[in-house]
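If you want the building blocks of each chain, they are given just below.
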Amino acid sequence: MNKVKEYFSNKKELFIFCFSIVFILMIPFFSSEILIGTDYEYHLTRIKSIQESLQEGVFPVKIHLKMANDYGYGTGFFYPNFFLYIPAVICLMGVEFLLSYKIFIAIMLVLMFAISYRSFKTILEDSNTSLLATIIYMLSNCITLQLYERAAIGEFLGLVFVPAVIAGMYDYTHKDFKNPLLLGLGFFGVINSHLITTLLCAIYSIIVFLVNIKSSLKDGKKFVRLVITAILVALMTMCFWAPMFEQMALAKYRFNDPWTSADMNVYGLYKIFSKHENSIGLLVTLCLPLILVALFDKNISKKTKRYIIEFIILVVIMCSQWFWEITKPVTGMIQFKWRLLGITTVVIVIGLAGLIKEYCYKYELNIKVATFVITMFAILCFFYQNSELEFYRDDMVMAKVYSFWNSLGGGREYLPLETDAAELNKPNVAIAEDGTEILVEKIFGRIMFDKTNSEQNVMKVPLIYYYGYVADIIREDGSVEPLELKKDENAIVEVITEGKTGNIRVWYNGTKIQKISYLVSAFSALLVVGILIIIRLRKNKK
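Here the structure is a predicted model, which means the values were calculated and not measured.

With that settled, consider the overall build of the protein chain. The helix and strand inventory of the protein chain stands at 25 helices and eleven strands. A globule of 542 residues ought to have a C-alpha radius of gyration of about 24 Å, and the protein chain, at 26 Å, matches this closely. With respect to the three principal axes, the spread of C-alpha positions in the protein chain is 90 × 55 × 50 Å. Relative to its 542 residues, the protein chain shows a buried fraction of 55%. The long-range share in the protein chain, meaning contacts at least 24 apart out of those at least 6 apart in sequence, stands at 75%.

In this section: the pattern of salt bridges. Applying the stated criterion to the full structure yields 16 salt bridges. Note that Lys-303 is salt-bridged to Glu-125, the shortest N-O span being 3.9 Å. Within this pair, whereas Lys-303 is found in helix α18 (residues 302-319), its partner Glu-125 is found in the loop between α7 (97-124) and α8 (127-138), the two being separated by 178 residues in sequence. Given the relative accessible area of 52%, Glu-125 is considered exposed. Between Glu-418 and Lys-487 there is a salt bridge, with its nearest N and O atoms 3.3 Å apart. Within this pair, whereas Glu-418 is found in the loop between α24 (404-407) and β3 (429-432), its partner Lys-487 is found in strand β9 (residues 480-487), the two being separated by 69 residues in sequence. The structure contains a network of salt bridges with shared partners spanning Asp-39, Arg-150, Glu-155 and Arg-339.

Turning to the pairing of strand β7 (residues 458-464), a few remarks are in order. Counting buried positions along β7 gives six out of seven residues, so the element sits mostly inside the fold. Examined bridge by bridge, β3 and β7 share two bridges and lie antiparallel to one another. Residue pairing for β7: Ala-432 is matched across the bridge by Met-459. Looking at chain direction, β7 and strand β10 (residues 492-496) are connected through four bridges and run antiparallel. Opposite Met-459, over in β10, you have Val-495 as the bridge partner.

With antiparallel pairing, the nine strands of this open sheet are ordered in space as β4-β3-β7-β10-β9-β8-β11-β6-β5. Edge positions in the open sheet fall to β4 (437-439) and β5 (441-443), since each of these has one partner strand only. Adjacent strand axes in the sheet meet at a mean angle of 30° when their direction is disregarded. Of the strand pairs in this sheet, β3 and β4 are connected by three bridges, and their pairing is antiparallel. From the neighbouring strand, Ala-430 faces β4, where its bridge partner is Ile-438.

In this section: the packing of aromatic side chains. This structure, assessed with the given rule, holds 35 aromatic pairs. Taken together, a centroid distance of 5.9 Å and an interplanar angle of 70° make the contact between Phe-77 and Tyr-508 edge-to-face. Residue Phe-77 is found in helix α5 (residues 75-78), and its partner Tyr-508 is found in strand β11 (residues 502-508); the two are separated by 431 residues along the sequence. Above the face of the Tyr-172 ring, Lys-222 is positioned so that its terminal group lies 5.2 Å from the ring centre. The ring of Trp-507 has Arg-446 sitting right over it, with the charged end atom 4.0 Å from the ring centre.

A word on the environment of Phe-29. Here Phe-29 shows up in the loop between α2 (12-26) and β1 (34-35). By relative accessible area, Phe-29 is classed as buried at 4%. A sequence separation of 419 residues divides Phe-29 from Met-448, and the C-alpha atoms of the two residues are 41 Å apart. In contact with Phe-29, other than residues within four places in its own chain, are Leu-35, Tyr-101, Lys-102, Ile-105, Leu-147 and Tyr-148.

Across all of its chains, the model carries zero disulfides by this definition. Just so you know, Cys-201 is unpaired, no disulfide at all, and the nearest cysteine sulfur is the one on Cys-142, 12 Å from it.

Below, the discussion takes up α8. Its twelve residues give α8 an end-to-end C-alpha distance of 16 Å, which sits within 8% of 16 Å, the value for a rise of 1.5 Å per residue. Extensive coverage of α8 is indicated by the burial of eleven of its twelve residues. Residues Asn-128, Thr-129, Ser-130, Leu-131, Leu-132, Ala-133, Thr-134, Ile-135, Ile-136, Tyr-137 and Met-138 constitute the buried set of α8. Looking at where α8 begins, the residue whose side-chain oxygen comes 3.2 Å from the main-chain nitrogen of Asn-128 is Asp-126.

Across the eleven residues of helix α11 (residues 181-191), nine count as buried, placing the element largely inside the fold. Considered for burial, the residues of α11 that qualify are Leu-182, Leu-183, Gly-184, Gly-186, Phe-187, Phe-188, Gly-189, Val-190 and Ile-191. Close packing links the buried residues of α11 with α7, α10 (153-174), α12 (195-211), α14 (220-236) and α15 (238-250).

Running from N to C, helix α17 (residues 282-294) and helix α22 (residues 367-385) cross one another at 125°; their axes reach a closest spacing of 8 Å. Judged on the interaxial angle alone, α22 and α17 are oblique. On the side of α17, the interface is formed by Leu-282, Leu-283 and Leu-286, while α22 contributes Phe-377, Ala-378, Cys-381, Tyr-384 and Gln-385. Each residue belonging to the contact of α17 with α22 can be placed in one class, and the counts come to seven nonpolar, one polar and no charged.

What counts and how
- Residues numbered from 1 in each chain as written.
- Predicted model: local features only at pLDDT ≥ 70, side-chain atom pairs only at ≥ 80, totals over all residues.
- Heavy atoms only, no water.
- Helix = DSSP H or I, 4+ residues; strand = E, 2+ residues; numbered from the N terminus.
- Rg over C-alpha atoms; globule rule 2.2 N^0.38 Å.
- Buried < 20%, exposed > 50% of the residue type's maximum accessible area, 1.4 Å probe, protein only.
- Contact = heavy atoms within 4.5 Å.
- Salt bridge = Lys/Arg side-chain N within 4 Å of Asp/Glu carboxyl O.
- Pairing = 2+ DSSP bridges.
- Axes fitted to C-alpha atoms, helices over the stretch in contact; angles between N-to-C directions.
- Phe/Tyr/Trp six-rings, centres within 6.5 Å; stacked < 30°, edge-to-face > 60°.
- Lys NZ or Arg CZ within 6 Å of the ring centre and 35° of its normal.
- Disulfide = S-S within 2.5 Å.
- Expected span 1.5 Å × (residues − 1).
- Polar contact = N/O pair within 3.5 Å; in protein donor to acceptor, adjacent residues only side chain to side chain.
- Parallel < 35°, antiparallel > 145°, perpendicular 65-115°, else oblique.
- Nonpolar A, V, L, I, M, F, W, Y, C, P; charged D, E, K, R; others polar.

Without other data, these values stay purely geometric and don't point to any function.
Spelled out as C-alpha cells, the structure:
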C-alpha cells in the first residue's frame, strides 16, 4: 500500500496534467447533445450492433446482423471491432448508449496520454519534454479532426498507438531494444483499430529499418527480439487478419474496386498550414519558422534535426501528386493524402519538443516554465481551431443509428462486389423460386421460418452472403438435417431445400480458419501475459 501511495505521490504532476488534458478534450462531449462528424452514424451503428449482438449471445461479432437494412453486414471482417467491445459492454451494464460512447472516448484518451508519454520519453529521454510532447500531440489538429470533425473512431483509436510504433522503431534502431513491449503494443493497437493506419505504420517502420540497415542488423540478439515481437503480435491479432484474408480469398468486395484513391484528391501546402480541417494545426504552423531555422543551427542535435527532416519529407509526399500516382498499387487504399497527418504530427511533435528542450538548455531557460507557457498556447490554439463544432440532439442521433445508407459506410466497401444495395429491401421474408414470400423470425443471431411447400427447392433468405453461414431443417419427426447454401447473383444467401419441408434455420457459424485463429490469438495473449508477469516478478526479486 505504501508503494502505491509513493507511486502516486511521485507521479502527481503527471496525473494532474493527464486529467486536465483529457478534461479539455472531453468538453464537447459534456453537452447533452452529440458532435456531428462525417462518420459518426457508421461508427455508432457498429457499436450499437455489437452491443445487440452480444445481447443475443453472438460472439465474436464478425457480421453485424442489423446493419445493411437487417441483411447482416460483414464489416467486422474488415474493420477491427476489438476496442468497440468496451462501449458495447458498458452499455450492456445498464449505461445509456451515448453515455457509454462518451465514457469510452474518455478511457481511450487516458490510454493515449499514458502511451504517448511513455513513447515520447523513450525518444526524448526527459520527463518534462515528454510531457510537453504529449500535450502538444493530444491537443493537435490530427486528434481533434478524427474525434470531432469526422468522428472517425477507427482512425482515432489508431492514433492512440502511433506514437508507440514510432518510439518502438527508434528504440530498435538507436537503442538496445531490451524492452520490445512498446513496439509490440503499438502494432497490436493499430492492427486492432484501423487497417489504413496499420499500413502507414508498417511502411514507416520498413523505411526506418532500411534507412538504418547497419544498426538494424548489427546486433543479432536485437534482431531476434524484433522477429519474436513481430511473430507474437501476428499471432495475437490472428483472430482479425486470418478471417479477413480468408473472406478476401474467397470473394471480391467493393474495396477491390475503390470509390476513391489518394492520387485522385488534391492536397496542397495551403491546406496543411492553415485552419483547414485537414491541416497540421495552428501551433505547428506558427512554430514553422523556428523549426526551419533549427535545421541550420549547429547547436541542435542530430536526433532533433532527423525528426524535423522526416516531417519535411512527409509534407512533401503529401503534396506530391507524382508520388501517389507512382505508388498507387501500394498506397491506393489510403484514399486520402491527409491520412499521413497522424505520423507527420507525431514526428514533428518529437522534433518540436526536442527543439524546445535544447533551446531551453542553450539559453538557460526553465523547462517547466516553458512547458507551462507552451501548454497554455496549445490550449488557445485548440479552442480556436475547434470553435465552430456542430451538434445533434441525442434523439436525432439515435434516429440515424441503423439508417440504411449511412450504416454501410461512405464507399460501402464491405459489400460483395456483385451486391446492389438498392436490392436489400425485403429484410423480413424468405422468397421461394416461385416468388412466394414467407415471414422469417430473427432471434439469437438466427433466421428461422417454416417451409410447407414441397415443390419449392430454393429459398432466398435476407442475408448478405459471407463464407461461414450454415443452415439446417427440423423435420416434422424431430430429425435435423443440414442444408446446402449458395449465393445468388446479388450475393444473397440461398438455401437448397430440395423439396424438404419443416422449420429452416440459418445462422453464421464461422469457418475452421476463424475458429483456429481465435484459439491461437487467445493462447498467444495468455502466453504474452504470462511472460510479462514472470519478468515483473523477477524484477521485484532483484
